[in-house]
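# Commentary on secondary and tertiary structure
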Amino acid sequence: MRILLTNDDGIHAPGLEVLEAIAREFSDDIWICAPDEEQSGMGHALTLTRPVRLHQHGERRFSVTGTPTDSVTMGMRKVMDGKPDVILSGVNRGANLGDDITYSGTVSAAIEGALAGIRSIALSQVYARAGDADEDTFRAGRAWGKRVVEPLLETPLPSRTLVNVNFPPLAAEDVKGIRAVRQGFHDYARGTVVEGRDPRGFRYYWFGLEAIEHTLDHGTDLEAIDEGFISVTPLQLDLTHHASLGALAERYED
Ligand code: MN
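So, a few notes on the structure that sits alongside this text. Computed from a predicted model, the values in this text were never measured in an experiment.

### A word on the side chain of N92
Among the structural elements, N92 can be located in strand β5 (residues 86-93). Relative accessible area serves as the criterion here: at 5%, N92 is assigned to the buried category. Among the polar contacts listed, one links the side chain of N92 to the backbone oxygen of G94, at a separation of 2.9 Å. A distance of 3.2 Å separates polar atoms of two side chains, one belonging to N92 and the other to T106. Those residues in contact with N92, other than ones at most four positions away along the chain, are N7, D8, D9, S40, T106, L123, S124, Q125 and F138.

### Observations concerning the pattern of salt bridges
Enumeration over the complete set of coordinates arrives at eight salt bridges. Residue E223 is joined to R179 by a salt bridge in which the shortest nitrogen-to-oxygen separation is 3.9 Å. Here E223 is found in helix α5 (residues 221-226), whereas its partner R179 is found in strand β8 (residues 177-180), with 44 residues between them in sequence. Judged by its relative accessible area of 8%, E223 falls in the buried class. On the basis of relative accessible area, R179 is assigned to the partly exposed category, the value being 26%. Residue R203 is joined to E195 by a salt bridge in which the shortest nitrogen-to-oxygen separation is 2.6 Å.

### Some points on the sheet that holds β5
Taking strand neighbours across the sheet as the criterion, the nine strands line up as β3-β4-β2-β1-β5-β6-β7-β11-β8 in an open arrangement whose pairing is mixed. Looking along the sheet, the strands with just one partner apiece sit at the ends: β3 (54-58) and β8. Pairwise comparison of adjacent strand axes, ignoring direction, gives a mean angle of 20° for this sheet. Here five bridges tie strand β6 (residues 119-125) to strand β7 (residues 161-167), and the two strands are oriented parallel to one another. Bridging from a neighbouring strand, L123 pairs with V165 of β7. Lying on the sheet, helix α1 (residues 14-23) is in contact with β1 (2-6), β2 (29-35), β4 (61-64), β5 and β6; it crosses β5 at an angle near 140°.

Rules behind the numbers
- Residues numbered from 1 in each chain as written.
- Predicted model: local features only at pLDDT ≥ 70, side-chain atom pairs only at ≥ 80, totals over all residues.
- Heavy atoms only, no water.
- Helix = DSSP H or I, 4+ residues; strand = E, 2+ residues; numbered from the N terminus.
- Buried < 20%, exposed > 50% of the residue type's maximum accessible area, 1.4 Å probe, protein only.
- Polar contact = N/O pair within 3.5 Å; in protein donor to acceptor, adjacent residues only side chain to side chain.
- Contact = heavy atoms within 4.5 Å.
- Salt bridge = Lys/Arg side-chain N within 4 Å of Asp/Glu carboxyl O.
- Pairing = 2+ DSSP bridges.
- Axes fitted to C-alpha atoms, helices over the stretch in contact; angles between N-to-C directions.

Here is the structure:
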């Protein structure tokens, strides 16, 4: 099994090491292609207005001066000699839950894989605050990764689907188990916009993502994490709201 790894936190991200350890439980044919620098929040961005450079860091280990999507594209088309069987994206430092996953470089890298017809899984480690991001941040993902990923390598997945996994911010022994759940919804109370002055006196703005409120609907990824479970959510790329389709079509009838 040929596995391509990426991580939107960059080629040197600790979560990528965790992911590599998980992947090596299943295969020795591991390839890595990740952004040079952190690209969190870049979503499904594709670099079009400037060239992308490829850097080699070791055998089957590359970085790209671009986005997570660029990395998957380069991994599939230039780095590997042929397509991977599986793409694993992560383990992201931070949650990718609910309906704000369209911001996520981690999930979007897996979307790029799914678009290419490759089995793709995004993995993220929830943590409480940046200050808590010590060496134990990935303890749940490290301990439970193999158990979570194993069925996802075998279960048939329809085309244009991917799987989104989140690990709760708990010690391995405190994780209650694994739940297959649907995507939840955040209340739209976007984080902070910090305003300040740079050293030359010019105003700047800096977005934060802290403390997004959400309603804990039953059977969602948000609820699973809140209750101490690992969430596993199959995602589809069809964003059509089918229930509205008929009513809209009627509006355009002659
Ligand atoms: Mn990230």
